[in-house]
Amino acid sequence: FNTMPRGLMKKTGRILSRLICLTLMLALSYHWGGMNNTAKGEEMNSQKIATTLLISFVIGNAVAWSMGAYPRDYAVKPYSEEDLTIINELKEEIRNHPDEADIKTDLGALYFTHNDLDKAEEVLGQAKQEDSSNAEALVVWSANEAKQAGAMWDLTWGIWKLNRLENAVNGLEQAVRLDPESLNVRMYRAHTILGIKRESWFFHILEDEQWFLNHLETDRDYFPEDVKQQFYSIFSHAYLYRLDFSGDENARSESLGKLELYVQKLTKGSSEKEVLTRKLAQLNNELTH
């Protein structure tokens, strides 16, 4: 669980402990039920198999949680009238131009932003299949795949969850290779990796941060202000997360400095900045006492 932020670690630990207790209770009930049962042989074997499968299911999913595919609740966000109008227009365009991957990507992205994950998977999968070099189709599909990996319960003992998560991250990497200068590709990758919260993949956020800073160094107006704010928010939360898993004092000091820098750059008066500022004060207090 050392790949999770502390708050999530505690919450997941509580869930896991309850699941393990439930598993043990069920295992004992199978055991004592078998002891008191006059039936022998095949019934006892079936009870042992059922107990083993149940324990494997709990432990396998718990391992997957600890590796980034932890449970998330992605409730579908309501569509506005404008959203529904756009969806109908995009569907009409798809009927008129069935081979246009960009149109399907736009529709899939709209579904994705509303957490309508199954619909997004279907249309983005089509776009990705029809145009394997379309970086935006691939990056949105990958972000959706990462969400689905976290949202599912896995009857294959966590193997399928982890496989989907690996596929998602591989897709994010490939999308950047296909179009390294795409703002959307970089934004989707950084935001998705931040959401996964797995230490071994943190370097992707550092790559996107360096890409962002290189462009700012060349041209301070390269990005619109709202885009800058989105990146500052991602990087602030990324370095806050890094403080949770980093045990090296130099790395913690660097992360704290970067966190302070990006918090300062967030728009004054935003609720997010206020929350992060309070967290910074708390962290500084902990480090100086």
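For the structure, see preceding data.
Residue numbering note: each chain is counted from 1, following its sequence as written. In keeping with the model being predicted, local features are shown solely for residues with a pLDDT of at least 70 and side-chain atom pairs are shown and tallied solely at 80 or more, while totals for entire chains, interfaces and linings include all residues. Think of the side-chain values as coming from all heavy atoms in the structure, minus any hydrogens and water.

Looking at this structure, I do not really get the nonpolar core. What am I missing?
The tendency in soluble globular proteins is for nonpolar side chains to be buried as a group. Core analysis: the biggest nonpolar cluster contains 59 residues, and F212 and L259 have the highest contact counts within it. In terms of residues, this core owes the most to one element, helix α10 (residues 225-245), which gives eleven residues. Setting aside its immediate chain neighbours within four residues, L259 contacts S236, Y239, L240, L243, L280 and L283. Buried residues of nine kinds, namely Ala, Val, Leu, Ile, Met, Phe, Trp, Tyr and Cys, make up a nonpolar core once their side-chain atoms join them within 4.5 Å. Categorising residues by exposure relies on relative accessible area from a 1.4 Å probe, with only protein chains included: less than 20% of the type maximum marks a residue as buried, more than 50% marks it as exposed, and the intermediate range marks it as partly exposed. The secondary structure listing takes helices from DSSP runs of H or I that are at least 4 residues long and strands from runs of E that are at least 2 residues long, numbered from the N terminus. Working rule for contacts: check all heavy atoms of both residues, and any pair within 4.5 Å makes them a contact.

Sorry, what's going on with a negative patch on the surface here?
A surface patch of negative charge is lined by E89, E93, D99, E100, D102, D106, E136, D179 and E181. Residue assignment for the negative patch shows that the elements contributing at least two residues are α3 (81-96) and α4 (101-113). Along the chain, D99 falls in the loop between α3 and α4. Only residues whose relative accessible area exceeds 30% and that take part in no salt bridge are eligible for patches, with like-charged residues grouped when within 9 Å of each other and nonpolar side chains (Val, Leu, Ile, Met, Phe, Trp, Tyr) grouped when within 5 Å. Only the protein chains shown count as cover for residues, with accessible areas throughout obtained via the Shrake-Rupley method and a probe of 1.4 Å. Salt bridges are defined as contacts in which a side-chain nitrogen from Lys or Arg sits within 4 Å of a carboxyl oxygen from Asp or Glu. Charge convention: Lys and Arg are scored as positive, Asp and Glu as negative, and His as well as the terminal groups of each chain are ignored. In this description, the location of a charge corresponds to atom NZ of lysine, CZ of arginine, CG of aspartate or CD of glutamate.

Would you explain the packing of aromatic side chains in this entry?
Aromatic ring pairs are defined here through the distance separating the ring centres and the angle between the ring planes. Note on ring pairs: Phe, Tyr and Trp rings are taken, using the six-membered ring of Trp, and paired if centres are within 6.5 Å. Classes follow the plane angle, with under 30 degrees stacked, over 60 edge-to-face and the rest tilted. Under the counting rule described, the total for this entry stands at 15 aromatic pairs. Judged by centre distance (4.9 Å) and plane angle (80°), the rings of Y222 and F223 are edge-to-face. Look at Y222 and you get partly exposed, because its relative accessible area is 39%. Here the aromatic cluster, defined as three or more aromatic residues joined through ring pairs, consists of F202, W211, F212, Y222, F223, F231, Y232, F235, Y239, Y241 and Y262.

What is the right way to read the pattern of salt bridges from this model?
Opposite charge on two side chains permits them to pair, given that their charged atoms come into close proximity. Under the criterion given, the structure shown has twelve salt bridges. With a closest N to O distance of 3.9 Å, D116 and K119 form a salt bridge. Classification of K119 as partly exposed rests on a relative accessible area of 44%. Across the salt bridge formed by K228 and E225, the nearest N and O atoms sit 4.0 Å from each other. Placement of both K228 and E225 in helix α10 is noted, with a separation of three residues, approximately one turn of the helix. On the accessibility criterion, K228 (10% relative accessible area) is buried. Taking relative accessible area as the criterion, E225 reaches 48% and is therefore assigned partly exposed.

Nothing here speaks to function; it is geometry throughout.
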